[in-house]
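Residues per chain, in single letters:
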Amino acid sequence: MVSAEDLDARRAIIERSPDLRALQDRLRDRAIPVIERMPPLPEVKALLSADGGVCPADGAGLAFDPWSPERHRCPRCGAEHQGERHHRHWARFQHLWAAERAAHLACLAALSDDDAAARRAGEILGWYGERYLAFPNRDNVLGPSRLFFSTYLESIWVTRFLSAAVLLREAGRLPVDIEAAVSSVADEAANLIGEFDEGFSNRQTWHSAALLAIAVWFEDEQLADGAIQGPTGLLAHLARGFGPDGVWYEGENYHLFALQGLLTGAGWGRLAGVDLFGAEEPAERLGLALLAPARTALPDGTFPARKDARFGVSLAQPMYLELWEAGRTWLDPASDVAAALGRWLAWVYRRPAPPARGFDSYLHDAGVEAPSERTRADLSWWMLLEMDPDPLPAEEGWSPESALFESQGLAVLRSEDDARYVSLECGPVGGGHGHPDRLHLTLHAHGVHWLPDPGTGSYVARDLFWYRSTLAHNAPRLDGISQPLGDASCEAYEAGEGWSWIRGRYRQATRTVVSGSRYVLDVVEWASDGPHLLELPWHVAGTAIVTTPEDGDWQSAVLDEEHVSLPERWVGGEGDLVRIESRLVEDAPSAGARLVMHLHGADELVRAMGPGLPDRGAPAPFFLLRARGTHVRLVSVLEPVADGADPWVQAVRVEGDLVEVEHGGGTDRHGPLHDGWQVEGPDGAHLGGLRPAPLEDRPLFTAPRPTPASATVPWTAVTLPLDASSGDPHVGSRLHLDHEDQYRRSEEAYLGADEFSAQAWVAWSESGLLLSVEVTKPELVFRAQDAPPLRLDNEVEDIHSDGLQLYCRLEEQPAAGWLVVPVVGGGLRVRPVSDLAGKADAIHGGWARTDAGYRIDLSVHPEGWELLAAGDRIGFDLIVNEMLSGRERRAGQLVWSGGGGWVWLRGDRQDPARFGILELA
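Residues numbered from 1 in each chain as written. Predicted model: local features only at pLDDT ≥ 70, side-chain atom pairs only at ≥ 80, totals over all residues. Heavy atoms only, no water.

> Honestly, empty space enclosed by the protein in this entry has me stumped. Any pointers?
Empty space left among the atoms is revealed by rolling a probe the size of a water molecule over them. This structure, assessed with the given rule, holds three cavities of 30 Å³ or more. Its volume calculated, the largest cavity comes out at about 200 Å³. At five residues, helix 10 (residues 252–271) tops the list of elements feeding residues into the lining of the largest cavity. For the lining of the largest cavity, the per-class residue count stands at six nonpolar, seven polar and four charged. (1 Å grid on protein atoms, 1.4 Å probe; cavity = no way out; pocket = protein on both sides within 12 Å on 5 of 7 lines; lining within 4 Å. Points joined across faces, edges and corners; volume = space filled by probe spheres on them. Helix = DSSP H or I, 4+ residues; strand = E, 2+ residues; numbered from the N terminus. Nonpolar A, V, L, I, M, F, W, Y, C, P; charged D, E, K, R; others polar.)

Laid out in structure tokens, this is it:
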């Protein structure tokens, strides 16, 4: 952002710069439709739902057209759809797009004295100024919000909204009544955003940027200081969110989003008189953060879809181009980092121009056809204020190298010409956006992404749980379940001229990846005290077939997974080596390329169908290697073959720790050494690079855990009537759920025990627990048995109802959980919690209305519990959900073990580490 004095200086700079003059002309042309007519502005709050904005025929996302509020086209099948859900989905982007257009118009007005642009920008600001407080702050998904359903969206919107207002004010073009309306919006937005601190999160960078923008508007030094230097302010995120290697802890997708929030905030900081990157250390960290996506990029110019990232997104997206354009202006132009960014930008601009995607924080190109080649003149209004006027280097000169990103635990091995890219994920899990995919292997070669990380698709679709499973990745899993969330470590890394290698460790598993000139050797090992089942999925691009010489065939098999179908196992041949070859379809780019895989050490090879890559609309086959034992070793040789070439590897032999690879140039013999890895052969090598063990295995960010809740539970011979209609419920120990620090809130704070509270009595007998819960709540809102589906997201819909969530764990047995909702007319609706053990028939009971609310009586006997005995300790938790009439989502919940904080995104889950303790007396 700029002051009135800065505007005068910027006009002179634009006049001298051909790139900026071309950008200004293009922005003027793009503004004509909005100047000629007021765009439609949504009168409704945006809604996040599973079906809004999604084609019911093929599941594709509907195209966003800012001029079509009622009719929404499917880009895949061409059908048009209407309805409230689609309209409220459209409203999400339209609110953001409208604020962008206001800033776009205000920028033109401030820099080129465009009266029509100033008037239209003021009209948009005034429209929101009149209506903002009428939008309801309720039914949110992640934080308080009026226009949207999440605070981070409100924060993005506020930065654009205030950009327009400040530009007009500094140019002397903001009417007094519009200025007052803007102040009203900014004041309320400060209250909404300021009360929801998400800690260290990509979204919090935007919260801080928005609060800083509001501070600038009101000239509030205290608010500005907190947004910049507070515990979760912009400088703290720069120092702790972006690691010493420059990579954001949640992966590349959120790296780019957090970086945009950080740079947006830095612009507001400059207007407040603070240079966020003026000191040496912040400037150095910014340079690393700007270069990190370029250093981890795949050879095709997309970023790897690690963690919750989108798959296959080009770094030539205009939003990303603007990050590097703006970021360069904060660096010393004579520095090596600035020079490298210039070379990278030149390379990216020369990539094929991808169609602009719809990002919450960038809708400048919505509804605009992609140019054949994107230039600096195709960017947004922000660049007219920020972009360096000097031209980029005429030559690309970008040549990425292999690298180990230490704090992220990402090891990347590149061939000299960058035709092959191999990476191993052997670091921290990555916070709430992390996946159970430690030791995932990625391979991109000869223009084909052979072994991808799928990232994540829609957060409101059921397949989210597939993409957040180990089975969806090229990563090992044990005993048929996803990896427990935890960190991996890099034990060895060396990138040489001929041979390179990585070794990562996750718990008892190691994965050794050795990369040569023509093939990649992969060795996965698991060692333990007892026998286990080790599985290694392979998700391979193209059409893959088994080409093992011995006769064989596929026969039906069992693979009991929610998203998996048509499992088969390979039966045939007497050897323990399987050869698989994959090719692309004939009309695909790089169609002549192949991947040949030699797989050794499995007891069983399974093939099945899974969801495939996100947003591709079709399931895809994958392979699964299975081996059982106390020490399991799976050896694979992967050879990417270029179009028109023949396979080079002829045979693979494994004997103990020795792996022989026979190829067109001779034989390579691979094996471990005490100080590294040995390759003997025509171009042999001794690879070292062993790394010290991490000093401490802990997450990047930790919070102190409260003392667990506890109760001593007596034995009883009394059996309550389980219909809750009679009898004395006061049997056993009394548990209280009536304190503010037990309440997880949504938009409203806890109103007190008279409005919402619960008392529970718990006892035990040899057959299980006996539980009676009395809930105080004046209005009861139970979700009906035959209620139509809410389709808000992929969560269980019964959480949006008055009712209970109950959790138990006896000693070292798996935790079990249930969601219990009273059925009007009689009975209970019981279902197991989604990510825990537990069966519905373990719960028996009934419910009844009371003068103060309702009562539920339950007997609880989970599967696997034998006779209970005095002295047993049971992990236990009880949660009471609160639903209010007129709402779409629950209002809050009381938690026996201690709540506090917010109810959003919790679904029916409760971390077993938070359970309290029942000690049987």
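> Help me out: how do you make sense of unusual backbone geometry in this one?
Most peptide bonds take the trans configuration, and most residues that are not glycine carry a negative phi. Positive phi, close to 55°, is recorded for Asp479, a residue that is not glycine. Assignment of secondary structure puts Asp479 in the loop between strand 8 (477–478) and strand 9 (489–495). Look at Asp479 and you get partly exposed, because its relative accessible area is 40%. Notably, Arg791 is not glycine yet its phi reads approximately 50°, a positive angle. (Buried < 20%, exposed > 50% of the residue type's maximum accessible area, 1.4 Å probe, protein only.)

> Any chance you could explain the sheet that holds strand 24 (residues 685–687) here in plain terms?
Pairing between sheet strands relies on hydrogen bonds along the backbone, with the strands arranged either parallel or antiparallel. Sheet architecture is open: five strands sit in the order 20-21-22-23-24, paired in antiparallel fashion. Edge positions in the open sheet fall to strand 20 (649–655) and strand 24, since each of these has one partner strand only. Put simply, the sheet's adjacent strands are angled 15° from each other on average, direction ignored. Where strand 22 (residues 666–673) lies against strand 23 (residues 676–680), five bridges are found, and the strand directions are antiparallel. Paired with Leu673 across the bridge in strand 23 is Gly676. (Pairing = 2+ DSSP bridges. Axes fitted to C-alpha atoms, helices over the stretch in contact; angles between N-to-C directions.)

> I would appreciate a short explanation of the packing of aromatic side chains in the present structure.
The geometry of an aromatic ring pair is captured by two quantities: the separation of the ring centres and the angle between the planes. According to the stated counting rule, one finds 30 aromatic pairs in the structure shown. Here Phe782 and Tyr854 contribute two aromatic rings whose centre-to-centre distance is 5.3 Å and whose plane-to-plane angle is 85°, an arrangement assigned as edge-to-face. Of this pair, Phe782 sits in the loop between strand 29 (768–776) and strand 30 (803–810) while Tyr854 sits in strand 34 (residues 853–860), and the two are 72 residues apart along the sequence. An identical accessibility class is assigned to Phe782 and Tyr854; each is buried. One aromatic cluster in this structure is built from Trp127, Tyr128, Tyr132, Trp157 and Phe161. Between Arg169 and the ring centre of Trp217, over which it is positioned, the NZ or CZ distance is 4.0 Å. Over the ring of Trp347 we find Arg351; its NZ or CZ atom is 4.1 Å from the centre of that ring. (Phe/Tyr/Trp six-rings, centres within 6.5 Å; stacked < 30°, edge-to-face > 60°. Lys NZ or Arg CZ within 6 Å of the ring centre and 35° of its normal.)

> It is not clear to me how the pairing of strand 17 (residues 594–600) should be interpreted in this structure. Could you clarify?
Along any regular strand the residues' side chains alternate between the sheet's two faces. Burial analysis of strand 17 places seven of its seven residues in the buried class, which makes it a mostly covered element. Of the two faces of strand 17, the one lined by Arg594, Val596, His598 and His600 and the one lined by Leu595, Met597 and Leu599 are each fully buried. Pairing geometry for strand 16 (residues 577–583) and strand 17, over seven bridges, is antiparallel. In the strand pairing of strand 17, Arg579 is matched with His598. As paired elements, strand 17 and strand 19 (residues 620–641) share seven bridges and run antiparallel to each other. Looking at the pairing, Val596 lines up with Glu639 of strand 19.

> Looking at this structure, how should I read the sheet that holds strand 7 (residues 448–451)?
The strand order across the open sheet built from five strands is 3-4-5-6-7, with neighbouring strands paired in antiparallel fashion. This sheet does not close on itself; its edge strands, each paired only once, are strand 3 (403–405) and strand 7. For this sheet the average axis-to-axis angle between neighbouring strands, irrespective of direction, equals 15°. Bridge count between strand 6 (residues 441–445) and strand 7: two bridges; the pairing is antiparallel. Its bridge partner being in strand 7, Ala445 is matched across the sheet by Val448. The strands that helix 11 (residues 280–296) touches are strand 3, strand 4 (410–414) and strand 5 (420–425); relative to strand 4, the one it contacts most, it runs at about 55°. (Contact = heavy atoms within 4.5 Å.)

> What is the right way to look at the layout of surface pockets in this model?
As a volume, the second largest pocket reaches approximately 390 Å³. Around the second largest pocket, the lining is made up of 19 residues, and of these Arg414, Ser415, Glu416, Gly496 and Glu497 lie nearest the centre. Listed by contribution, the elements that provide at least two residues to the lining of the second largest pocket are strand 4 and strand 5. Residue composition of the lining of the second largest pocket, grouped by class: five nonpolar, nine polar and five charged.

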